[in-house]
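# Descriptive structure summary
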Amino acid sequence: MKKVSTVFLYSAIILLILVIFGVFAPELLETVTANVQSFITTSFGWYYLIVVTSFLLVCFYLFITPVGRIKLGKQDDKPDFSRPTWLAMLFSAGMGIGLVFYGAAEPISHFAIHSPTNQEGTNQGIKDALRFTYFHWGLHAWAIYGIVALILAYYSFRKNQPVTISATLKPLLGNKVDGNLGKVIDILAILSTVFGVATTLGFGAMQINGGLSYLFNIPTTFYVQFIIIIIVTVLFIFSALSGLGKGIKILSNTNMVLAFLLLFTMFIVGPSLTILNLFTDSIGGYLQNLPRMSFRIAPLNEQDRQWINNWTIFYWAWWIAWSPFVGIFIARVSKGRTIREFIFYVLLLPSIIGFFWFSTFGGSAIQLETLGIAQVSELAVEQLLFGVFDNFPLGFIMSIVAIILIITFFITSADSGTFVLSMMSTNGSQNPPNRMKLIWGGLLAAIALVLLYSGGLQALQNAMIIAALPFSIIMILMVLSLFRSLNEEVKRFLK
């Protein structure tokens, strides 16, 4: 219990200092985080590209080799959840609010505002906009989540280790993980998780505010977002207290129903044939250009390099910052799956769903722009989706469904986040105490509010990129640790 208390205590102290700093010196906090973020993206952009692509290659290797037959658990363990519920839970936790926030905003930004290939407003620009959006939300993103989740599930259910990041490094670091080194690793994982989840909560509050502003002229201010976060915090803490099998399961299934209802409606009332054509063509472009995009750093073009910093490096940092949270959550619900089945479902299916999502909402937004029906690219990013809906039949109804969906995704992400942080603070307890969930729920809300207060969207992004760098190094060590354990299993069981 002593280790648990130490990890929680130091994590909470660091976060409380940040909250106080943000309340009393918001401009200074924004300046400091911006300077550190700028240094990281400029100096370590190459590193992010190489390490994230390496995680994807590791997933492919595990999928095609005999180790894919190994179960995440004992060989006779059965999964706790059906495949549809399992997919709904990992999708809701993994992408949720981000898909709604960027569903139309990212493709239209790449097409009309700043193209990754300097092809704004052209037919080629449309293809480039979608394939780079696929790149940011596809296999690379889910490889980051998948590798952390797989390693945690392997050590937890097969090796009977606690569900903590430090426990996965025992084959590599030995008994050192039981001492101060292990505490530091778990504290870094907690801090990374908090910033990743807080960023998502900030996005959610901003878009709920943006939708209410677009539909009902409610002002877009920090104080409105403050009220939104407080209300949703009460809801997600209530859900978290109901436990994994009730609250999160029900919310995840609700999310999938609402998301597919919104997607289906937009597809039917939108330019359906154009969406299907763009979806098909863009997948080909994505697969054809995947190696080039994976290592594109633009060393000789400052403008292109800035685009990569603002989009690709930001996304890789976002996914890495989220990976302890999403990884532990996905691991928790993936007992009994084989490594091969796990990688197939975690990497491929969510990616394809995401591709069709962006083709539908992004393609509809781009058509409005190209036909001159509406200049949706001029809207604020948190209002853009609602501006797209406004130009199609059932637009108001879709906007209301989207706001409800953002709220349920918001609750699911925060609910899962409090559950995971509570696990990490109690030495990987599968059923952490409600008291811990309440504490983390309050701290998550406070961090999101402070980051919004100190600099809005930019401060959220800065903090997340900073938090992701040290955890990426831990992820590399986790992969090395996994290979050491798998090699021993191969020698014993798979000859």
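Residues numbered from 1 in each chain as written. Predicted model: local features only at pLDDT ≥ 70, side-chain atom pairs only at ≥ 80, totals over all residues. Heavy atoms only, no water.

## Thoughts on the overall build of the protein chain
- A tally of helices and strands in the protein chain yields 17 helices and 0 strands.
- For a compact globule of 495 residues, the expected C-alpha radius of gyration is about 23 Å, and the protein chain comes in at 21 Å, within 12% of that figure.
- In terms of its C-alpha atoms, the protein chain occupies a principal-axis envelope of roughly 65 × 55 × 45 Å.
- Across the 495 residues that make up the protein chain, the buried fraction comes to 63%.
- Across the protein chain, every contact between residues at least 6 apart in sequence was considered, and the portion connecting residues at least 24 apart equals 83%. (Helix = DSSP H or I, 4+ residues; strand = E, 2+ residues; numbered from the N terminus. Rg over C-alpha atoms; globule rule 2.2 N^0.38 Å. Buried < 20%, exposed > 50% of the residue type's maximum accessible area, 1.4 Å probe, protein only. Contact = heavy atoms within 4.5 Å.)

## So, the environment of S213
- Relative to the elements of secondary structure, S213 occurs in helix α9 (residues 180-216).
- For S213 and E382, which are 169 residues apart along the polypeptide, the C-alpha to C-alpha distance reads 9.8 Å.
- Of note is the side chain of S213, whose polar atom sits 3.3 Å from the side chain of T220. (Polar contact = N/O pair within 3.5 Å; in protein donor to acceptor, adjacent residues only side chain to side chain.)

## Some thoughts on the packing of helix α2 (residues 26-64) against helix α7 (residues 139-158)
- At a minimum axis separation of 8 Å, α2 and α7 run at an interaxial angle of 65°. What the angle tells us is that α2 and α7 run roughly perpendicular. In the crossing of α2 with α7, the sense of the turn from one axis to the other is left-handed. Contact residues: V52, T53, F55, L56, V58, C59, F60 and L62 in α2; L139, H140, A143, I144, I147 and L150 in α7.
- For the contact of α2 with α7, the class distribution of residues is 12 nonpolar, 2 polar and no charged. (Axes fitted to C-alpha atoms, helices over the stretch in contact; angles between N-to-C directions. Parallel < 35°, antiparallel > 145°, perpendicular 65-115°, else oblique. Left-handed = near helix turned anticlockwise from the far one by under 90°. Nonpolar A, V, L, I, M, F, W, Y, C, P; charged D, E, K, R; others polar.)

## Some words on α2
- In this model, α2 (39 residues) spans only 50 Å end to end at C-alpha, well below the 57 Å of a helix rising 1.5 Å per residue.
- Along α2, the sharpest change in direction is near 65° and occurs at F44. (Expected span 1.5 Å × (residues − 1). Bend = angle between axes of the 7 residues up to and from the residue.)

## Digging into the environment of N253
- In this fold, N253 is placed in helix α11 (residues 244-269).
- Residues N253 and V420 lie 167 residues apart in sequence; the distance between their C-alpha atoms is 19 Å.
- In this view, N253 contacts T85 and A88; residues no more than four positions away in its chain are not counted.

## A look at the packing of α9 against helix α13 (residues 302-332)
- Two numbers describe how α9 lies on α13: the axes approach to 7 Å, and their chain directions differ by 115°. The chirality of how α9 crosses α13 is left-handed. Residues A189, S192, T193, G196, V197, T200 and F203 of α9 pack against F314, W318, I320, A321, W322, P324 and F325 of α13.
- Here the residues of the contact of α9 with α13 are counted per class, giving 10 nonpolar, 4 polar and no charged.

## Comments concerning the packing of aromatic side chains
- Counted according to the given criterion, the structure contains 43 aromatic pairs.
- With centroids separated by 6.1 Å and ring planes inclined at 75°, the aromatic side chains of W137 and W318 adopt a geometry described as edge-to-face. Residue W137 is found in helix α6 (residues 123-137), and its partner W318 is found in helix α13; the two are separated by 181 residues along the sequence. Grouping residues by exposure puts W137 and W318 together as buried.
- An angle of 70° between the planes, with centres 5.0 Å apart, marks the rings of W137 and W319 as edge-to-face. With a gap of 182 residues between them, W137 in helix α6 and W319 in helix α13 connect regions that are remote in the sequence.
- What makes W137 buried here is its relative accessible area of 2%.
- Note that R337 overlies the ring of W86, its terminal NZ or CZ placed 4.2 Å from the centroid. (Phe/Tyr/Trp six-rings, centres within 6.5 Å; stacked < 30°, edge-to-face > 60°. Lys NZ or Arg CZ within 6 Å of the ring centre and 35° of its normal.)

## A closer look at a nonpolar patch on the surface
- A surface patch of nonpolar side chains, amounting to about 530 Å² of accessible area, comprises F226, I227, I230, I231, V234 and L235.
- Following the sequence through the fold, I231 ends up in helix α10 (residues 222-241). (Patch = residues over 30% accessible without salt bridge, like charges linked within 9 Å, V, L, I, M, F, W, Y side chains within 5 Å. Areas by Shrake-Rupley, 256 points an atom, 1.4 Å probe, with all protein chains shown as cover. Salt bridge = Lys/Arg side-chain N within 4 Å of Asp/Glu carboxyl O.)

## A word on the environment of G138
- Position of G138 relative to the elements: it lies in the loop between α6 and α7.
- Counting along the chain gives 326 residues from G138 to M464, while the straight-line C-alpha distance between them is 20 Å.
- Sequence-distant contacts of G138, defined by excluding residues within four places in its chain, comprise Y286, S351 and F355.

## Focus: the side chain of T164
- Counting through the fold element by element, T164 comes out in the loop between α7 and α8 (170-173).
- Residue T164 is classed as buried on the basis of its relative accessible area, which comes to 2%.
- From its side chain, T164 meets the backbone nitrogen of A167 in a polar contact 3.3 Å long.
- Among all residues touching T164, those that are not within four sequence positions of it are L152, D186, N427 and G428.

## Observations concerning the side chain of R158
- Mapped onto the secondary structure, R158 falls in helix α7.
- Note on R158: relative accessible area 16%, which makes it buried.
- One polar contact links the side chain of R158 to the main-chain carbonyl oxygen of K71, over a distance of 3.3 Å.
- A polar atom in the side chain of R158 sits 2.9 Å from the backbone oxygen of G73.

## So, the pattern of salt bridges
- This structure, assessed with the given rule, holds 7 salt bridges.
- Note that E489 is salt-bridged to R158, the shortest N-O span being 2.8 Å. Placement of the pair is E489 in helix α17 (residues 434-493) and R158 in helix α7, with a sequence separation of 331 residues. Just as E489 is buried, R158 falls in that class too.
- As a salt-bridge pair, K159 and E489 come within 3.5 Å of each other at their nearest N and O atoms. Taken together, the residues span a long stretch of sequence, with K159 in the loop between α7 and α8 and E489 in helix α17 at a distance of 330 residues.
- Exposure remark for K159: the relative accessible area of 28% places this residue in the partly exposed category.
- For E489, a relative accessible area of 2% gives the class buried.

## Quick word on helix α14 (residues 339-370)
- The terminal C-alpha atoms of α14 lie 45 Å apart, and with 32 residues this matches the ideal 46 Å at 1.5 Å per residue to within 8%.
- Of all 32 residues in α14, 25 are buried; the element is thus mostly enclosed.
- Positive phi shows up at G372, right after α14, with a value of about 75°.

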